[in-house]
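# Inside the fold
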Amino acid sequence: MLLAEPLVSSWKARLALEFSFRDRKTTLSGKSHDGPLVVQKPLYPEGEGICHAIVVHPPGGIAGGDELSLDVKAKQDAAALLTTPGAAKWYRSAGAQASQRLAFHVQGRLEWLPQETIVFDGALARTSCDVELSAGAGLIGWDIVCLGRTGSGERFARGSYRSAVRVRREGRLLWLERARIEGGGRLLDSPAGLDGRPVFGTLFASFPNLDAKILDPLRRKKPADGAAAVTLLPGILLARYLGGSSEAARRYFVELWRILRPAASGREAVEPRIWRT
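Conventions used here
- Residues numbered from 1 in each chain as written.
- Predicted model: local features only at pLDDT ≥ 70, side-chain atom pairs only at ≥ 80, totals over all residues.
- Heavy atoms only, no water.
- Helix = DSSP H or I, 4+ residues; strand = E, 2+ residues; numbered from the N terminus.
- Rg over C-alpha atoms; globule rule 2.2 N^0.38 Å.
- Areas by Shrake-Rupley, 256 points an atom, 1.4 Å probe, with all protein chains shown as cover.
- Lys, Arg positive; Asp, Glu negative; His and termini not counted.
- Charge placed at Lys NZ, Arg CZ, Asp CG, Glu CD.
- Core = buried A, V, L, I, M, F, W, Y, C linked by side-chain atoms within 4.5 Å.
- Buried < 20%, exposed > 50% of the residue type's maximum accessible area, 1.4 Å probe, protein only.
- Polar contact = N/O pair within 3.5 Å; in protein donor to acceptor, adjacent residues only side chain to side chain.
- Salt bridge = Lys/Arg side-chain N within 4 Å of Asp/Glu carboxyl O.
- 1 Å grid on protein atoms, 1.4 Å probe; cavity = no way out; pocket = protein on both sides within 12 Å on 5 of 7 lines; lining within 4 Å.
- Points joined across faces, edges and corners; volume = space filled by probe spheres on them.
- Nonpolar A, V, L, I, M, F, W, Y, C, P; charged D, E, K, R; others polar.
- pLDDT = per-residue confidence, 0-100.
- Contact = heavy atoms within 4.5 Å.
- Phe/Tyr/Trp six-rings, centres within 6.5 Å; stacked < 30°, edge-to-face > 60°.
- Lys NZ or Arg CZ within 6 Å of the ring centre and 35° of its normal.

## Remarks on the overall build of the protein
Secondary structure assignment for the protein yields two helices and 17 strands. Taken over the C-alpha trace, the protein has a radius of gyration of 18 Å; the compact-globule value for 277 residues is 19 Å, and the two agree within 12%. Across its three principal directions, the C-alpha atoms of the protein cover 55 × 45 × 40 Å. A total accessible area of about 13,100 Å² is found for the protein, and carbon and sulfur atoms account for 49% of it. Here the protein contributes 39 positive and 29 negative side-chain charges, whose respective centroids are spaced 1 Å apart.

## Digging into the nonpolar core
In terms of nonpolar packing, the biggest core is built from 49 residues, with F19, L70, F104, L147 and V167 touching the most fellow members. Grouped together as the second largest cluster of nonpolar side chains are 33 residues, L113, L210, L215 and F253 included.

## Topic: the side chain of T83
Checked against the element boundaries, T83 lands in strand β6 (residues 79-83). Judged by its relative accessible area of 1%, T83 falls in the buried class. A distance of 2.7 Å separates a polar side-chain atom of T83 from the backbone oxygen of L113.

## Considering the pattern of salt bridges
Tallied over the full model, the rule gives 14 salt bridges. For the salt bridge of D189 with R155, the shortest nitrogen-to-oxygen distance reads 3.5 Å. Of this pair, D189 sits in the loop between β14 (172-182) and β15 (199-206) while R155 sits in the loop between β12 (138-147) and β13 (160-169), and the two are 34 residues apart along the sequence. R180 serves as the salt-bridge partner of E182, at 2.7 Å between the closest nitrogen and oxygen. Take R180: its relative accessible area is 54%, and that puts it in the exposed class. Overlapping salt bridges bring together R14, D71 and R101 as one network.

## Digging into empty space enclosed by the protein
Once rolled over the atoms, a probe with the size of a water molecule shows which space is left empty. All told, the structure shown has two cavities of 30 Å³ or more when counted by the stated rule. Computed from the structure, the largest cavity encloses a volume of approximately 80 Å³. For the largest cavity, the lining is made up of 13 residues, of which R109, E111, F207, R261 and S265 are closest to its centre. Contributions of two or more residues to the lining of the largest cavity are made by β6, β9 (109-112), β12 and α2 (246-265). Its residues assigned to classes, the lining of the largest cavity comprises seven nonpolar, two polar and four charged. In this structure, the second largest cavity occupies an estimated 50 Å³ of space. Every residue along the wall of the second largest cavity is listed here: L43, P45, H52, A53, I54, L81, T83, P272, R273 and I274. Listed by contribution, the elements that provide at least two residues to the lining of the second largest cavity are β4 (51-56) and β6. Sort the elements by how many residues they give to the lining of the second largest cavity and β4 lands first, with three residues.

## Observations concerning the confidence of the model for the protein
Chain-level pLDDT for the protein is 94 on average; 97% of the residues reach the 70-or-more range. Low pLDDT, under 50, characterises residues 1-7; the predicted model gives this stretch 19 contacts beyond four residues in sequence or across chains.

## Some thoughts on the environment of G153
Mapped onto the elements of the fold, G153 is located in the loop between β12 and β13. Owing to a relative accessible area of 59%, G153 belongs among the exposed residues under this scheme. Sequence spacing of G153 and E177 is 24 residues, and the spatial spacing of their C-alpha atoms is 29 Å.

## Looking at the packing of aromatic side chains
Evaluation of the coordinates by the stated rule reveals eight aromatic pairs. Between W257 and W275, the ring centres sit 5.8 Å apart and the planes meet at 65 degrees, which makes this aromatic pair edge-to-face. Placement of the pair is W257 in helix α2 and W275 in the segment after α2, with a sequence separation of 18 residues. On the basis of relative accessibility, which here comes to 10%, the residue W275 falls in the buried class. An aromatic cluster is defined as three or more aromatic residues linked by ring pairs; in this entry it consists of W142, Y252, F253, W257 and W275. Across from the ring centre of F120, 4.4 Å away, lies the NZ or CZ of R149, which sits over that ring. A cation sits over an aromatic face here: R250 above W275, 5.6 Å from the ring centre.

Shown next as structure tokens:
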């Protein structure tokens, strides 16, 4: 039985964050929010140079008609790692589309490492992520999507999931990708599409002069479940996952991140504390 979307008015929420570097410390120097999208107190588990922040959507799920917007600026020499406390849930919609917009402007270093997204059967979801990098900026991000609540045997038979990602450096396009997946559509089971596997994900990383030698150790890593691939395009590295487990996807991306981060920025990977709770 499908879970109907909650009988509440739709939420319009916006959160804007700015990170600055001064006196050898990255600080959350600016924030504003409107609606139920907030950031928790900044944390420094790896010293004052890198600020960890947890973005929280208190309602816990995204229903038809909801509109969420997150704008992040990482200024020169600032280093910030953003994550979420749990899986994002897109509920079944009675007809209205829900949306999430991410906009990142990076002069320093930014890591966007959210937990997985679960798209319920019947959801109407649209997401976008636009990244603007300065000449010396660095970025690591990922996105993991599970179509249907697979733990209860649910399939994505109705609804739609649309996404768009664009990454530019100094105005030059590095990567543009759009996806449109219809519930019950042929793409779900096609060998040229998802091949019957409900979980897919992408890790993306862009740093100046990222060395191609990084590919060998990354490609030696394999997920516990599913298939994966890593490629280096001009200006951006991409890793893909396709399988049946959100947990396997996340663990695989974390293993890649543990290799990428020190190689690209000279900093060892320190997991956010929220991942262990």
